[in-house]
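# An overview of the molecular structure
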Amino acid sequence: MLGWLQRTPAKMKDLHWIMTCSSRCSSLKGAKPDVQPGTTTRLPETTYEEAIQELNNLQSNASAISNARKSLNKDMSHIIPEGRLFAKRAGLTTEAINKLPIIHVSGTKGKGSVCAFCESILRKHGLKTGFFSSPHLVEVRERIRINGVPLEKEDFVTSFYEVFNKLEATKPDYNNVMPAYFRFLTFMALHVFIKEEVDVALLEVGIGGEYDCTNIIENPTVVGITSLGMDHQGMLGDTIDKIAWHKAGICKPERPAFTVPQPYNALKTVLDRANELQSVIQCVPTLEYNSFSGHPIQLGLAGDHQRVNASLAVHLCKKFLQVQRKEKFEAISTNGNMTPRRLRPTDTTNETVMQAHEIGMSIAEPIVLPESFIAGLRDCYWAGRTQRFRHDRVTYYIDGAHTTRSIHACRNWFLQEADQRANSNIARILIFNSTGGRDSLRFLEILLDCQFDGVVFCPNLISAYDGAHNPLDSSYKHQSSRSPLYRLHHLQQEFEALQVRASSTELVNGHGHSGVTPSPGTGTRAKCAVVPSITDALQWAACGKDSNLSSPRIEDPTPPDAAISAARIEVLVTGSIHLVGGVIKVLDPELVVHR
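Since the model is a prediction, treat every value here as computed from it, not as a measurement.

Before going further, it helps to spend a moment on the overall build of the protein. Helix and strand counts for the protein come out as 21 helices and 15 strands. A burial count over the protein gives 59% of its 595 residues as buried. Counting only contacts in the protein whose residues sit at least 6 apart along the sequence, the fraction spanning at least 24 positions is 81%. Surface accessibility of the protein: about 23300 Å² in total, with carbon and sulfur atoms responsible for 48%.

Below is the structure:
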């Protein structure tokens, strides 16, 4: 119960939506018109760390979070008007925001990847890009990028105080109310994009869509909705159609929108909401329907599921350039409609594309991809998502999957990419954590047939011993040192029991609760351990085979014999994007922007 309250600044993505509910419009009634404070600027000696501390102070305490959660079933119609009032106080006029050429993307799985593909494509096409994403991996400035590069620390500090000082100066006229963490960063991103005069601003929704603070925008050029699934049920609803209602809430009147093949109820709800909001929405076909003019299909992001994300990105970029630049694209003739007759039986999304056709949603016409699109897809880089790199005798596979569908995709990617045991002396280790009330055991069930020799659980804490290793960007606030470890010890016990059940005839035959059918060899159980930090987990997993890491601590359980004696080790890190960020921070922070 306490786990979801123990958030880091990086974890505020999980909370920003409900925290927008904590500041009621009633607190702003009778507010005076926007005050234009003079030139209030930061002191020259102000540092990045001081700005981050100010930002962290915008987090709300546990009692406010609890009160916000209790209000989730109440009328939320105040949230967007309240957000626009905050934006006005920050100096962001509706006119200035509406002039931004925006691609707005919501969804459960793949939002960041779709935006990253779009950013790469449009930058290759010659546009100056702005990209707002969440959460960050190592430093908060990663959330706001210009031309694919996070803001420099000095630029972050300057822009931070340009927004913060205006909000601070107007506090007395607005009952001393300030926006919460994620809201503030949204306003700061818009401020940066306006100041930088970007050619395109890519906005990734935080949670939901309808009441997400990014939805203060009124005039996006085009809207995208990625794959939908069950996540954040406590905030968005406990059925796929309720979740789809929120996600499709970013559609705008007379603005084009695109989505990907979805479960039937989700797709129907998305179409109904788009019609309600007077938007025209299309379902994108599989990536292979577009012509690559003889070039092989190469994606910078690994995994079969990224083809769906890439297809959505292609159509978002095509429509953006058609609207903003009046560019023309060579269509592939389909006699005016992508009907089921044109779908190949081998397409994995064939059935759901047919569903789009059946419910009355048109299917986007495939195109001949320009060179810039092909290069953008090929060279796209998005750290922490299906990413593989090697240090000495350890190969790391890191993926921030944190939903059931994304864990399935992570599992498939890992099994496709990882070396086969039969060919060499290789051990496999899983580093795992999951937060936010998610079904961690279900995730582990899905990963069961990866045949791990060891599984190590750790909190999303870089170091348990030296505060200097836990920078403000990624340290816990309101942290209890005992509760995360208690939860992880309980999860370890559950996983060990799961392994016992997996070795039984019932589960191996596919009749158990999980429905997982382990591969031959899974009868050998993985050795499990709980350690107090990410650094400890990496040391345990690497067993001295990565020269950048110390050997495992004497105080921790002994690693599995298979890992100790192995010639090489393959380490999968998944379950939480914040865990992945911590791993990158320890191994190589430069991986955030460079391969």
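What follows picks up the thread again.
A few words now on the pattern of salt bridges. Side chains carrying opposite charge are able to pair once their charged atoms draw close together. Using the criterion set out here, one finds 23 salt bridges in the structure. As a salt-bridge pair, Lys 99 and Glu 95 come within 3.5 Å of each other at their nearest N and O atoms. Placement of both Lys 99 and Glu 95 in helix α5 (residues 94-99) is noted, with a separation of four residues, approximately one turn of the helix. Arg 123 serves as the salt-bridge partner of Glu 119, at 2.6 Å between the closest nitrogen and oxygen. Linking Glu 119 with Arg 123, this pair stays in helix α6 (residues 111-124), spanning four residues, or about one helical turn. Assessed through its relative accessible area of 5%, Glu 119 is described here as buried. For Arg 123, a relative accessible area of 36% puts it in the partly exposed group.

The mixed open sheet is built from six strands, whose spatial order is β10-β11-β15-β12-β13-β14. Only two strands of the sheet have a single neighbouring strand rather than two, namely β10 (387-391) and β14 (527-530). Each strand axis lies, on average, 20° off the axis of its neighbour in the sheet, ignoring direction. Pairing geometry for strand β12 (residues 426-432) and strand β13 (residues 454-457), over four bridges, is parallel. By the bridge assignment, Ile 431 is partnered in β13 with Val 456. Taken strand by strand, helix α15 (residues 404-417) contacts β10, β11 (394-398), β12 and β15 (568-574), and its axis lies near 165° from that of β15.

To continue, consider the packing of aromatic side chains. Taken as a whole and assessed by the stated rule, the structure comprises 18 aromatic pairs. Centre to centre, the rings of Tyr 397 and Trp 413 are 5.8 Å apart; their planes meet at 70°, and the pair counts as edge-to-face. Highlighted residues: Tyr 397 in strand β11 and Trp 413 in helix α15, separated in sequence by 16 residues. Note on accessibility: Tyr 397 and Trp 413 belong to one class, buried. Ring geometry for Phe 432 against Phe 457: centres 6.3 Å apart, planes inclined by 85°, an arrangement best described as edge-to-face.

What follows deals with the confidence of the model for the protein. Summarising the model, the protein shows a mean pLDDT of 84, and 79% of its residues fall at 70 or more. Under a pLDDT of 50 for its full length, residues 339-348 has, in the predicted model, 17 contacts with residues more than four places off or in other chains. Taken together, the stretch residues 475-482 has pLDDT below 50 and engages in 23 contacts with residues farther than four places along the chain or on a different chain.

Of note, the bond from Ser 134 into Pro 135 is cis; its omega dihedral lies within 30 degrees of zero at -10°. Counting through the fold element by element, Pro 135 comes out in the loop between β2 (129-132) and β3 (144-146). Phi is positive for Lys 326, which is not a glycine, with a value near 55°. Here Lys 326 lies in the loop between α12 (306-325) and α13 (350-358). Judged by its relative accessible area of 63%, Lys 326 falls in the exposed class. At Gln 451, a residue that is not glycine, the phi angle is positive and equals roughly 60°. By the secondary structure assignment, Gln 451 is in the loop between α16 (440-446) and β13. By relative accessible area, which is 22% here, Gln 451 ends up partly exposed.

Here Pro 81 is to be found in helix α4 (residues 79-89). Exposure remark for Pro 81: the relative accessible area of 45% places this residue in the partly exposed category. It is 7.7 Å that separates the C-alpha atoms of Pro 81 and Ile 216, two residues lying 135 residues apart in sequence.

A few words on the pairing of β12. Along any regular strand the residues' side chains alternate between the sheet's two faces. The element β12 is extensively covered by neighbouring structure, given that seven of its seven residues are classed as buried. Pairing geometry for β12 and β15, over seven bridges, is parallel. Looking at β15, one finds that Ile 426 is bridged to Arg 568. Chirality of the crossover, the property in question, places the unit of β12, α16 and β13 among those that are right-handed.

This part is about the nonpolar core. Ranked by size, the top nonpolar core spans 43 residues in total, and within it Phe 160, Phe 184, Met 188 and Phe 193 carry the most contacts. Elements supplying a minimum of two residues to this core: α2 (48-56), α4, β3, α7 (153-170), α8 (181-196) and β5 (200-204). Contact partners of Phe 160, with chain neighbours within four places excluded, come to Ala 51, Glu 54, Leu 55, Phe 184 and Met 188. One finds Cys 118, Ala 313, Phe 329 and Leu 369 within the second-largest nonpolar core, a separate group that totals 37 residues.

Right, let's get into α15. The first and last C-alpha atoms of α15 sit 20 Å apart over 14 residues, in line with the 20 Å expected at 1.5 Å per residue. Turning to α15, its buried residues number three or more, namely Ser 406, Ile 407, Ala 409, Cys 410, Arg 411, Trp 413 and Phe 414. Elements in contact with the buried residues of α15: β10, β11, β12, α16 and β15.

The rules behind the values
- Residues numbered from 1 in each chain as written.
- Predicted model: local features only at pLDDT ≥ 70, side-chain atom pairs only at ≥ 80, totals over all residues.
- Heavy atoms only, no water.
- Helix = DSSP H or I, 4+ residues; strand = E, 2+ residues; numbered from the N terminus.
- Buried < 20%, exposed > 50% of the residue type's maximum accessible area, 1.4 Å probe, protein only.
- Contact = heavy atoms within 4.5 Å.
- Areas by Shrake-Rupley, 256 points an atom, 1.4 Å probe, with all protein chains shown as cover.
- Salt bridge = Lys/Arg side-chain N within 4 Å of Asp/Glu carboxyl O.
- Pairing = 2+ DSSP bridges.
- Axes fitted to C-alpha atoms, helices over the stretch in contact; angles between N-to-C directions.
- Phe/Tyr/Trp six-rings, centres within 6.5 Å; stacked < 30°, edge-to-face > 60°.
- pLDDT = per-residue confidence, 0-100.
- Right-handed = clockwise from strand over helix to strand, strands pointing away.
- Core = buried A, V, L, I, M, F, W, Y, C linked by side-chain atoms within 4.5 Å.
- Expected span 1.5 Å × (residues − 1).

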